[in-house]
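The primary structure of each chain is shown beneath.
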2 protein chains.
Amino acid sequence: MSDIDLIIERLELRGHRITSSRRRVLDAVLAQQAHFTVDDLLHTTRKVGRATVFRTMKILLDLNIVCRVMMDDGALHYRLSTGRHHHHLVCTNCGRVEDFSNCDVNSLVRDLQSATQYEIEAHWLEVYGRCQSCQLLASVPESKSAATSKRATSARGGRRGNN
Amino acid sequence: MSDIDLIIERLELRGHRITSSRRRVLDAVLAQQAHFTVDDLLHTTRKVGRATVFRTMKILLDLNIVCRVMMDDGALHYRLSTGRHHHHLVCTNCGRVEDFSNCDVNSLVRDLQSATQYEIEAHWLEVYGRCQSCQLLASVPESKSAATSKRATSARGGRRGNN
DNA sequence: CTCTAAATGAGACGTAGTCTCTGGTCAAGG
DNA sequence: CCTTGACCAGAGACTACGTCTCATTTAGAG
Ligand SMILES: [Mn+2]
Ligand SMILES: [Mn+2]
Ligand SMILES: [Zn+2]
Ligand SMILES: [Zn+2]
């Protein structure tokens, strides 16, 4: 049973209908090898409405089939998910993304919980740095290579790392 | 020397001019007791252009005078910052925000660094939960109280806690 | 096959933020 | 005093990302 069939099964279980549009979006998602935006999907899936792609992505997000990565310029990209809880290590130069699961906030959560009396439900952690190949290319600004380095466009937000 | 004078001094040091618009934005920012949006500022500072408010906020962000909080609905709000590295604990019910600094990712960073060979530069961590008063009000959906619980508007994004 | 609830897609709308352009303020220098 | 030039303000167009509305289509249960 292929990936797509498994996902379709899960969609059906949730009572979602398997429409041709959804199938096309799903195909496009599974064809992505790195992270992507809804716009990327729209370019590859002709004939699917924008709203439908957004709606489908929301479902896939609920099912943990995709996750979202906050790029260092503030843009939110989608990415196929392992389904398990994890976080992202994002290269601020080329946009390459590494997952990691050895998330050790549990002790932090315990401390916070007793210090603030909050009932902690979730957390969001993204780490930023330079991947090995981008370090080697030192200051040479690798114009447009590696991973999914589309979007030279200036972009909004920006500035990761909080204070 | 008041807060505002200290900030103005820092702006001047960076070569920014102290204009009446900037002063008005600054006043509005300092008058906020919780987190706020640019739109909130626009409502309180009459006669300052939208672009100018955004431009001023960007400067304040660079100077670590304000920071941004990712609300659990995905909205980015501004908040007066301590200036030091810290993170946010956000109540998913009323929007109250607590800062915390006992951020113990350093060991995680070390592990990641050696495991992935990334040169880690920054991280972003937000924690979500229910504050004490919202726990007491159990399932009673406190319609519109506490902290800065404006914005009943549906909102984008949503879904904190990653996977 | 029939029927209906669910889904689609076009496009309007909302919000956050940037950009462009024109005009203003102000300080330095002649 | 006048010019110059850097910085800045504000209006409004524009972009990105996402939601909503509504008329139409379709999946899939019976
Ligand atoms: Mn974690
Ligand atoms: Mn930290
Ligand atoms: Zn890289
Ligand atoms: Zn609360």
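Rules used in this analysis
Residues numbered from 1 in each chain as written. Chains lettered and ligands numbered in written order. Predicted model: local features only at pLDDT ≥ 70, side-chain atom pairs only at ≥ 80, totals over all residues. Heavy atoms only, no water. Donors = N, O, S within 2.8 Å, 3.2 Å for Na, K, Ca; no water. Helix = DSSP H or I, 4+ residues; strand = E, 2+ residues; numbered from the N terminus. Buried < 20%, exposed > 50% of the residue type's maximum accessible area, 1.4 Å probe, protein only. Near = heavy atom within 4 Å. Polar contact = N/O pair within 3.5 Å; in protein donor to acceptor, adjacent residues only side chain to side chain. Nonpolar A, V, L, I, M, F, W, Y, C, P; charged D, E, K, R; others polar.

On to the coordination of the manganese ion (ligand 2). Residues and elements named next belong to chain B. The coordination sphere of the manganese ion (ligand 2), as far as protein atoms go, consists of His85 (NE2), His87 (NE2), Cys103 (SG) and His123 (NE2), spread over 2.0 to 2.2 Å. Every donor residue of the manganese ion (ligand 2) comes from the same chain, spaced as H-x1-H-x15-C-x19-H. Of the two residues, Cys103 sits in the loop between strand S4 (97-100) and helix H5 (106-116) while His123 sits in strand S5 (residues 119-130), which places them 20 residues apart along the sequence. For His123, a relative accessible area of 13% corresponds to the buried category.

So, on to the coordination of the manganese ion (ligand 1). Residues and elements named next belong to chain A. Protein coordination at the manganese ion (ligand 1) comes from His85 (NE2), His87 (NE2), Cys103 (SG) and His123 (NE2), with a distance range of 1.9 to 2.1 Å. As a motif over one chain, the donors of the manganese ion (ligand 1) read H-x1-H-x15-C-x19-H. One end of the pair, His87, is in strand S3 (residues 87-91); the other, Cys103, is in the loop between strand S4 (97-100) and helix H5 (106-116), with 16 residues separating them in the sequence. By relative accessible area, His87 is classed as buried at 0%. Exposure remark for Cys103: the relative accessible area of 12% places this residue in the buried category.

Right, let's get into the protein's contact with DNA strand D. Near DNA strand D lie 22 residues; those nearest to it are Ile18 and Arg50 of chain A together with Arg17, Thr19 and Arg55 of chain B. Close to the protein, within 4 Å, the atoms of DNA strand D belong to sugar or phosphate groups at a rate of 61%. One of the side-chain N or O atoms of Thr19 of chain B is found 2.5 Å from a phosphate oxygen in DNA strand D. Contact distances for DNA strand D include 3.2 Å between a phosphate oxygen and a backbone N or O atom of Gly49 of chain B. Elements supplying a minimum of two residues to the surface near DNA strand D: helix H4 (50-62) of chain A together with helix H2 (20-31) and helix H4 (50-62) of chain B. If one sorts the elements of the surface near DNA strand D by residue count, H4 of chain A sits on top with five residues. Considered class by class, the residues forming the surface near DNA strand D number five nonpolar, seven polar and 10 charged.

Nothing here speaks to function; it is geometry throughout.
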